[in-house]
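# Architecture and fold: a report
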Amino acid sequence: MLPKVLQNSHFLVFTIFTSVLLNTNHVFAAEKVVLKYRVFRESLSVTELSDFADNGKLSIPMRVGFKLAQQDPNKVRRYLTEPVKVNAIILDRVLNSPVGNIVLDQMSEVIHTPSRKADRQAMRSALVLSANQDNDIKLIEVIKNYPGAEVEVDGDRLEKAFHQLRRLQGSLKNIFGF
């Protein structure tokens, strides 16, 4: 058994380490998003995309991009911001199962790393971080919480990702009753 002084110092180090990790999760989060629509490809800051999602504010590159891609900004905004209710603890358990891996792979077809490596792990992290905040997931939160400096989003399939989250929500509700 450790002397009382050493026990307290271990606890203090653990507490400080945990606080630093919990308060710096955005240091490791995406800062840039590459929004792709067919042949159109626009690099935006996550802040710029977040402003659009939160306030409907379209930057000039986004306005031009949506027009060229023939996309309705209001529809895209809805997919980014509509919450999908989930229990964060249950979500974490399901995502760490074979069924969860299928969901992660499908979501990673839409939102992924530029290198397409470790997409499953990155998506799991982004989804769980998003759900931990308020027991719901919004695609804009997933993008904000995506680990790494850059995340790519296939805009043509954004609706698919949104519906995949809805199916996951329905499955969790049917299986676990919430």
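All residue numbers here refer to positions counted from 1 along the written sequence of the relevant chain. Note on the predicted model: pLDDT of at least 70 is required for a residue's local features to be given, and 80 or more for side-chain atom pairs to be given and counted; whole-chain, interface and lining totals, by contrast, use all residues. Derived side-chain values reflect all non-hydrogen atoms in the structure, with water molecules and hydrogen atoms excluded from consideration.

### Quick notes on the packing of helix H5 (residues 88-95) against helix H7 (residues 119-134)
Rules: The axes used here are C-alpha line fits, helices contributing only the stretch in contact, and every angle between their N-to-C directions lies in the interval 0 to 180 degrees. Numbered from the N terminus, helices here are DSSP runs of H or I no shorter than four residues, and strands are runs of E no shorter than two. Roughly parallel means an angle under 35 degrees; roughly antiparallel, over 145; roughly perpendicular, 65 to 115; everything else is oblique. When the near helix sits turned anticlockwise from the far one by under a right angle, the crossing is termed left-handed; a clockwise turn instead gives a right-handed crossing. Note on contacts: a residue pair qualifies if any of its non-hydrogen atoms lie within 4.5 Å across the two residues. Under this grouping Gly is polar, as are all residues other than the nonpolar Ala, Val, Leu, Ile, Met, Phe, Trp, Tyr, Cys and Pro and the charged Asp, Glu, Lys and Arg.
Between H5 and H7, the shortest axis-to-axis distance is 9 Å and the interhelical angle comes to 170°. Of the possible angle classes, the one that applies to H5 and H7 is roughly antiparallel. Considering only the axes of H5 and H7, their crossing is right-handed. Where H5 abuts H7, its residues Ala88, Leu91, Asp92 and Leu95 lie against Arg124, Leu127, Val128, Ala131 and Asn132. Residues that form the contact of H5 with H7 fall into these classes: six nonpolar, one polar and two charged.

### Focus on the pairing of strand S2 (residues 40-45)
Note on strand geometry: in a regular strand, side chains alternate between the two faces of the sheet. This is how it is decided: Criterion used throughout: strands pair if DSSP finds at least two bridges between them.
As judged from the six bridges shared by strand S1 (residues 32-37) and S2, these two strands associate in the antiparallel manner. Looking at the pairing, Lys32 lines up with Ser45 of S2. Hairpin connection from S1 to S2: two residues lie between these consecutive antiparallel strands, with Arg38 at a positive phi of about 45°.

### Regarding the pairing of strand S6 (residues 150-154)
Under the convention used in this document: Note on exposure labels: buried denotes an accessible area under 20% of the residue type's maximum, exposed denotes more than 50%, and partly exposed covers the range between, all computed with a 1.4 Å probe on protein chains only.
Most of S6 sits inside the fold, with four of its five residues counted as buried. As paired elements, S1 and S6 share five bridges and run parallel to each other. Paired with Lys32 across the two strands is Glu150, which belongs to S6. Two elements, strand S4 (residues 111-112) and S6, share two bridges in a ladder whose sense is antiparallel. Looking across to S6, one finds that Ile111 is bridged to Val153.

### Let's talk about the environment of Glu82
Tracing the sequence through the fold places Glu82 in the loop between helix H4 (73-81) and strand S3 (84-85). You can call Glu82 partly exposed: its relative accessible area is 25%.

Everything listed is a geometric property; what it means functionally is a separate question.
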